[in-house]
Structure formats: structure tokens, C-alpha cells
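# Coordinates in review
So you can see what is in the structure, the chains are spelled out below.
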Amino acid sequence: MSAPTHPRLHPATRAGADSRLPWWALALPTLAFAALLALILNPSDAHAATGDPAITHLVERVQQLISR
């Protein structure tokens, strides 16, 4: 036994499906890739962040107290 089907009153629209990308959707990943590639090729330009000396001093004191 088959169920009756109802025709669609409104056909499906493609109003929200835009196939074009904005210019920055390609430019930003390309720029990020170029920056990371430059850091890999010349690692002397990349500097590690230094820690806060107060935090380092506190961690050393905690280690000293635990080792006693």
C-alpha cells in the first residue's frame, strides 16, 4: 500500500549557496603559510618567549621545599 505524496508548494532555492569566495579566504591562509615557511627556513628570527623570573623563582623554591 503506497502513501500519497504531496507536491512541494515552494521549490528549493539556492539563495544561501554562494560559490564564490571572498578575496581574504585565499589570501589569509597563503600569508600564514608563507610566514610559517619563512620561520622554518630561518629559525634565528624566531625567539622563544622568556618566562617571568618571579614564577621561575617560586618554582625553584617549591622544588627545594619538596626535596627536603
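All of the points below concern the structure found in this document. (Residues numbered from 1 in each chain as written. Predicted model: local features only at pLDDT ≥ 70, side-chain atom pairs only at ≥ 80, totals over all residues. Heavy atoms only, no water.)

### Considerations on the overall build of the chain
Summing up its helical and strand segments, the chain has two helices and zero strands in all. Counting across all 68 residues of the chain, residues that qualify as buried make up 0%. Accessible surface computed for the chain: about 7,200 Å², of which carbon and sulfur atoms make up 66%. (Helix = DSSP H or I, 4+ residues; strand = E, 2+ residues; numbered from the N terminus. Buried < 20%, exposed > 50% of the residue type's maximum accessible area, 1.4 Å probe, protein only. Areas by Shrake-Rupley, 256 points an atom, 1.4 Å probe, with all protein chains shown as cover.)

### With respect to a nonpolar patch on the surface
There is a patch of nonpolar side chains on the surface, built from W23, W24, L28 and L31 and spanning about 540 Å² of accessible area. Mapped onto the secondary structure, W23 falls in the segment before α1 (24-41). A relative accessible area of 68% means that W23 is categorised as exposed. (Patch = residues over 30% accessible without salt bridge, like charges linked within 9 Å, V, L, I, M, F, W, Y side chains within 5 Å. Salt bridge = Lys/Arg side-chain N within 4 Å of Asp/Glu carboxyl O.)

Read these as spatial facts, not as claims about activity.
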